[in-house]
Each structure stands twice: as C-alpha cells, then as structure tokens.
Amino acid sequence: MNLRPASCPGAPGRPAFTLVELLVVMAIIATLIALILPAVKGAHEASCRTQCQNNLRQIGLGLSEYHNVKKTFPVGCKGCQATPRIQIPWSVYLLPYVEEKAVWELLDETQPYNSERNREGGQKIIDLYLCPSTATAKKRTGPTTGDINGNGTWDPGDDLAYSDYGGMFGVGLTTLPLGNGTLIYEKPINAGQIRDGLSQTIIVAEDTGRGSDMTGSTWINGQNIFDVTVPINRSQNNEIWSDHPGGANTTFCDASVHFLSQTIDFNVLCALCTRD
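Residues numbered from 1 in each chain as written. Predicted model: local features only at pLDDT ≥ 70, side-chain atom pairs only at ≥ 80, totals over all residues. Heavy atoms only, no water.

1. Focus on the sheet that holds strand β5 (residues 225–228)
Okay, step 1: Taken in spatial order, the 5 strands make up an open sheet running β5-β3-β4-β6-β7, and their pairing is mixed. Edge positions in the sheet fall to β5 and β7 (257–261), since each has one partner strand and no second. The sheet shows a mean angle of 40° between the axes of neighbouring strands, taken without regard to direction.
Okay, step 2: Relative to β7, strand β6 (residues 247–252) runs antiparallel, the two being bridged by 5 bridges. When the bridges of β7 are listed, Thr-251 appears paired with Val-257.
Okay, step 3: The strands that helix α5 (residues 266–273) touches are β3 (165–171), β4 (202–206), β5, β6 and β7; relative to β3, the one it contacts most, it runs at about 105°. (Pairing = 2+ DSSP bridges. Helix = DSSP H or I, 4+ residues; strand = E, 2+ residues; numbered from the N terminus. Axes fitted to C-alpha atoms, helices over the stretch in contact; angles between N-to-C directions. Contact = heavy atoms within 4.5 Å.)

Encoded structure:
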C-alpha cells in the first residue's frame with residue numbers, strides 16, 4: 001500500500017514573490033510592450049499604405065481602360081457649371097471600369113448627384129475609394145454623411161458614401177489658368193492634351209478623411225476634384241492630404257502610383273499636378 005506523507009502544519013511552504021520582484025517583472029513587461037507596440041503599429045501602417053496604393057493602382061488601371069474605350073479620360077465634373085447643377089464626377093463614370101457596374105446601374109447621370117433618384121446608389125460604400133489609414137474629420141462619424149442636419153428625415157445630400165481620393169483639377173494659383181489639370185469641369189481630356197507626359201502628370205491623389213462639411217467629400221459629388229494651393233499635408237480640405245506618415249499616395253495618368261514626400265519642392269509638385 002502506497003502511503004503519502006501527511007503535511008506538517010509547521011513545514012515551510014513555496015516562497016511567494018516579494019513586492020520588489022513583482023515590480024521588476026511589471027517593469028520588464030512594460031518595457032517589452034513599449035518596444036513591441038511601435039513595431040506592430042509600423043507593420044499595420046505599412047499594410048494600410050500598401051492597400052491604399054493598391055486602391056489607387058486599380059483606379060489608375062480603370063481610368064486607363066476608360067481612355068482606351070472612350071478615347072478620353074472621364075470628365076472631372078459634369079454639370080458643375082451648368083444650370084441646373086447636377087455635379088456628376090469622374091468617380092461615377094469610372095464605376096463600370098473598376099468592377100462596380102451594379103452601382104453604376106443604380107445611378108442616373110442626368111439627375112443631380114444628391115437627388116432622390118440617385119439616393120440608393122450614392123449611399124453604396126465603395127471600398128476602392130477609401131484609404132484604410134484614414135483618421136477621419138470630426139464631422140465624419142461613419143462611412144456616409146448620415147443625417148447631416150439631424151432632423152430625422154432624408155434631405156438632399158444625406159447618407160452619401162465618402163471617398164478618400166480626389167481628381168486632380170490642377171494648380172489653383174492666380175498665375176495659371178483655371179482647370180489646368182486632367183480632371184476638370186465639363187471637358188474630358190485625352191492623352192494627347194497632356195503635354196508633360198502621362199508618367200509625369202497626377203490624375204488622382206489622396207484627399208482623405210474629409211467630413212460632410214467639406215466640399216466633394218463623397219464619391220458621387222462632382223466636387224470630388226481639387227486644385228493644389230499648398231504643399232502636401234498642409235490642409236485637409238481640397239488639397240493633397242493623407243494620414244500616412246511623411247507624405248501621400250498619388251496616381252499618375254499612366255496608372256503608376258507614387259508616394260510623394262510632404263517635403264517635395266512645391267514648384268515640382270505644381271508641375272506634376274498640371275497637364276502642360
């Protein structure tokens with residue numbers, strides 16, 4: 001028969017951690033977390049930046065295919081200067097060329113972008129038009145504009161899905177003519193009109209995180225085009241802006257994607273944003 005020795009009341013037990021030892025262990029854990037977190041955040045941002053570049057690459061390829069079919073790039077905004085203002089943008093005309101034909105078929109390009117007729121299509125969230133790194137503005141609390149004035153009923157402009165990418169209208173300096181970019185009001189531009197060359201001209205760039213109070217913040221609004229007046233990441237409203245550290249992603253007319261540093265010479269940036 002196997003007998004276990006009885007425990008002696010006075011026998012010494014397993015020694016416990018002292019307070020000092022616990023504090024040392026906690027300090028080591030805190031140090032490890034401090035070392036690991038930046039690496040994890042860096043890896044996450046690298047992944048988001050790559051996804052953003054993939055989005056812009058697909059947008060660029062879609063624009064190239066559009067040009068192959070139509071012999072021009074899409075108009076930047078149709079009906080932005082006409083009466084009535086319907087404001088249908090390039091990002092609507094691009095839909096059939098980026099595997100979003102179902103959304104395209106919900107829309108009527110002859111009706112205003114914020115009309116009841118275009119309500120169902122305009123509320124569709126297009127993942128391709130969103131940057132995963134975006135830190136949104138205060139008035140952007142969800143994927144759509146929602147109930148802007150909070151009256152509990154639908155009004156024109158409510159519940160439209162956001163976009164983080166804007167079409168390049170050009171450079172907005174008084175020394176240059178208006179609409180010197182590639183996606184402009186009313187008039188489609190073809191490759192032959194881009195005298196600087198397709199590989200030297202931006203057609204779409206990041207303009208991320210805009211809220212409902214900012215012009216052209218949704219993909220269905222014809223004001224989803226902008227001209228550059230300040231360096232990269234100086235202004236979030238209608239300028240090149242991203243939440244990637246140090247710069248922003250851009251698509252050129254040849255469908256190539258480039259990350260431009262926010263320290264790029266402003267004159268060089270302006271040259272890239274104009275077509276000649």
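2. A word on the packing of aromatic side chains
Okay, step 1: In this structure the tally under the stated criterion is 5 aromatic pairs.
Okay, step 2: An aromatic cluster is present here, built from Trp-90, Tyr-129 and Trp-219 joined pairwise through their rings.
Okay, step 3: Directly above the ring of Phe-259 sits Arg-49, whose terminal nitrogen or CZ lies 3.7 Å from the centroid. (Phe/Tyr/Trp six-rings, centres within 6.5 Å; stacked < 30°, edge-to-face > 60°. Lys NZ or Arg CZ within 6 Å of the ring centre and 35° of its normal.)

3. Looking at unusual backbone geometry
Okay, step 1: A positive phi angle, close to 70°, is found at Lys-71, a residue other than glycine.
Okay, step 2: Counting through the fold element by element, Lys-71 comes out in the loop between α1 (19–70) and β1 (77–78).
Okay, step 3: Backbone geometry places Asn-233, a non-glycine residue, at a positive phi of 65°.
Okay, step 4: Within the secondary structure, Asn-233 is located in the loop between β5 and β6.

4. What about the state of the cysteines?
Okay, step 1: Considering all chains together, one arrives at 1 disulfide under this definition.
Okay, step 2: Each sulfur of the disulfide joining Cys-77 and Cys-80 lies 1.7 Å from the other. Because the torsion about its S-S bond is 85°, the bridge between Cys-77 and Cys-80 counts as right-handed. The pair Cys-77 / Cys-80 is uniform in exposure class, with both members buried. (Disulfide = S-S within 2.5 Å. Buried < 20%, exposed > 50% of the residue type's maximum accessible area, 1.4 Å probe, protein only.)

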